[in-house]
Amino acid sequence: MGEQVSPAPNKATKANKPTKVAKVAKVAKTAKSAQAVKATGEASKKATRGAAKQAKPWKPESHLAMVRRARKINRELAELYPYAHPELDFRNPFELLVATVLSAQTTDLRVNQTTPALFAKYPTPEDLAAADPEELEEIIRPTGFFRAKAKSLIGLSAALRDNFGGEVPGRLEDLVTLPGVGRKTANVVLGNAFGVPGITVDTHFGRLVRRWKWTEQEDPEKIEAEICAIFPKSEWTMLSHRVIFHGRRVCHSRKPACGACPIAPLCPAYGEGETDPEKAKKLLKYELGGYPGQRLAPPPDYPGRPAAPLGTGDE
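Residues numbered from 1 in each chain as written. Predicted model: local features only at pLDDT ≥ 70, side-chain atom pairs only at ≥ 80, totals over all residues. Heavy atoms only, no water.

## Remarks on the packing of aromatic side chains
Then, in step 1: The tally for this structure, following the rule as stated, stands at 6 aromatic pairs.
Then, in step 2: With a centroid separation of 6.3 Å and an interplanar angle of 90°, the aromatic rings of Tyr 81 and Tyr 83 are classed as edge-to-face. Each of the two residues, Tyr 81 as well as Tyr 83, counts as buried.
Then, in step 3: An angle of 50° between the planes, with centres 5.0 Å apart, marks the rings of Trp 212 and Trp 214 as tilted.
Then, in step 4: Using a relative accessible area of 3% as the deciding quantity, one classes Trp 214 as buried. (Phe/Tyr/Trp six-rings, centres within 6.5 Å; stacked < 30°, edge-to-face > 60°. Buried < 20%, exposed > 50% of the residue type's maximum accessible area, 1.4 Å probe, protein only.)

Written out as structure tokens, the structure is:
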């Protein structure tokens, strides 16, 4: 709700109150810092109202109607997750590349709990390229498939050292030449380390866009192409974060929390999961459910609690 507009003060009034601007700035700063925390509570209220509106069976729609609905869902998700971000801890493109390769077949949480020791021992591509395979395998063992991942990490680090001057390239065609790096990993790195827009098609993204009938494709590259055609290029990276956030927190694979979903009126798959609002709320995860997030070092505007380090008993 917007604030009531007051008459503009005359010049004399402005001169007599030089601290008013400073006070307004202070209030604005405080409001901004509280925005992310407030978003979680507002999302819960909005979810209940949204799910309650979903009553009629879903009807077929034109392509134009689907595009409009898809863009409205994106706007709704932007309100729900103003703090959406990549859930891998990283400080530079190399760390993001390595973390993304490690994230295959495991959770971002497990990767984030593993990479501090990894980067402490191998901070650069040159260091990782020279790693003893058995020592590297032991460090990344918690992420699963550690032998294959160790081989990929040593190989991509050697390629960075030998072919790219020890730097992560900022082009998709270069990134996909690295061992263990496909389009998904390349798009994660480009979008979050270089600011190059891209769609990240992981299991959550693919599941949700099919539930929402944005596409019927199963192949990640075909999904990427069809979703790119629906949204402006400037939205691709943040759209990916928002959809993945929603898939991890609300729209689960086996038991989606339909009764606690703010976009229920826009969802053709409403009713596949729990529709009772109170029962559905118990299915919410991470900050929406009052639990720690996946990052040990989340962004400042993240309203939830950071994850615990590996071996602390609070994982």
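## Structural notes on the state of the cysteines
Then, in step 1: The final tally for this structure, using the stated rule, is 0 disulfides.
Then, in step 2: Here Cys 258 is not cross-linked by a disulfide; its sulfur's nearest cysteine counterpart is in Cys 267, at 6.4 Å. (Disulfide = S-S within 2.5 Å.)

## As for the layout of surface pockets
Then, in step 1: Reported here for the largest pocket is a volume of approximately 920 Å³.
Then, in step 2: If you trace the largest pocket, you find 41 residues lining it, with Lys 184, Asp 202, Thr 203, His 204 and Arg 248 closest to the centre.
Then, in step 3: Looking at the lining of the largest pocket, the elements that each hand over two or more residues are helix 4 (93-102), helix 10 (183-193), helix 11 (203-211), helix 12 (220-228) and helix 13 (236-249).
Then, in step 4: A class-by-class count of the residues in the lining of the largest pocket yields 12 nonpolar, 17 polar and 12 charged. (1 Å grid on protein atoms, 1.4 Å probe; cavity = no way out; pocket = protein on both sides within 12 Å on 5 of 7 lines; lining within 4 Å. Points joined across faces, edges and corners; volume = space filled by probe spheres on them. Helix = DSSP H or I, 4+ residues; strand = E, 2+ residues; numbered from the N terminus. Nonpolar A, V, L, I, M, F, W, Y, C, P; charged D, E, K, R; others polar.)

## Regarding the nonpolar core
Then, in step 1: Counting 40 residues, the largest nonpolar core has Tyr 81, Phe 205, Trp 212, Trp 214 and Ile 227 as its most contacted members.
Then, in step 2: The set of elements that each furnish at least two residues to this core consists of helix 3 (63-80), helix 11, helix 12 and helix 13.
Then, in step 3: Counting residues per element, this core draws most heavily on helix 3, at 6 residues.
Then, in step 4: Apart from the residues within four sequence positions on either side, Trp 214 is in contact with Met 66, Arg 69, Ala 70, Ile 73, Val 209, Glu 226, Ile 227, Ile 230, Phe 231 and Leu 239.
Then, in step 5: Formed by 31 residues, the second largest nonpolar core is a distinct cluster that contains Leu 96, Leu 97, Ala 150 and Leu 175. (Core = buried A, V, L, I, M, F, W, Y, C linked by side-chain atoms within 4.5 Å. Contact = heavy atoms within 4.5 Å.)

## Overview of empty space enclosed by the protein
Then, in step 1: Under the counting rule described, the total for this entry stands at 1 cavity of 30 Å³ or more.
Then, in step 2: As for the largest cavity, its lining consists of 15 residues, and the residues nearest its centre are Cys 251, Pro 256, Cys 258, Cys 261 and Cys 267.

## Topic: the pattern of salt bridges
Then, in step 1: Scanning the model with the defined rule gives 17 salt bridges in all.
Then, in step 2: Notably, a salt bridge pairs Glu 87 with Arg 249, separated by 2.8 Å at the nearest N-O pair. Of this pair, Glu 87 sits in the loop between helix 3 and helix 4 while Arg 249 sits in helix 13, placing them 162 residues apart in sequence.
Then, in step 3: Here Arg 295 ties to Asp 89 by a salt bridge, and the two come within 2.7 Å at their closest N and O atoms. In this pair, Arg 295 is assigned in the segment after helix 14 (277-281) and Asp 89 in the loop between helix 3 and helix 4, connecting sequence segments 206 residues apart.
Then, in step 4: A residue is classified by how much of its surface remains accessible, and Arg 295, at 11% relative accessible area, is buried.
Then, in step 5: Overall, Asp 89 belongs to the buried group, its relative accessible area being 12%.
Then, in step 6: Connected through salt bridges with shared partners, the residues Glu 87, Asp 108, Arg 248, Arg 249 and Glu 287 form a single ionic network. (Salt bridge = Lys/Arg side-chain N within 4 Å of Asp/Glu carboxyl O.)

## Digging into the packing of helix 5 (residues 108-121) against helix 7 (residues 133-140)
Then, in step 1: Taken N-terminus to C-terminus, the directions of helix 5 and helix 7 make an angle of 150°; their axes are 9 Å apart at the nearest point. Relative to helix 7, the element helix 5 lies roughly antiparallel. Contacts from Thr 114, Ala 117, Leu 118 and Lys 121 in helix 5 reach Glu 135, Leu 136, Ile 139 and Ile 140 in helix 7. (Axes fitted to C-alpha atoms, helices over the stretch in contact; angles between N-to-C directions. Parallel < 35°, antiparallel > 145°, perpendicular 65-115°, else oblique.)

## Remarks on unusual backbone geometry
Then, in step 1: A positive phi angle, near 50°, is found at Phe 145, a position not held by glycine.
Then, in step 2: By secondary structure assignment, the location of Phe 145 is in the loop between helix 7 and helix 8 (146-163).
Then, in step 3: Overall, the relative accessible area of 56% leaves Phe 145 in the exposed class.
Then, in step 4: You will see that Tyr 286, though not glycine, has its phi angle at about 55°, which is positive.
Then, in step 5: Within the element layout of this structure, Tyr 286 appears in the segment after helix 14.

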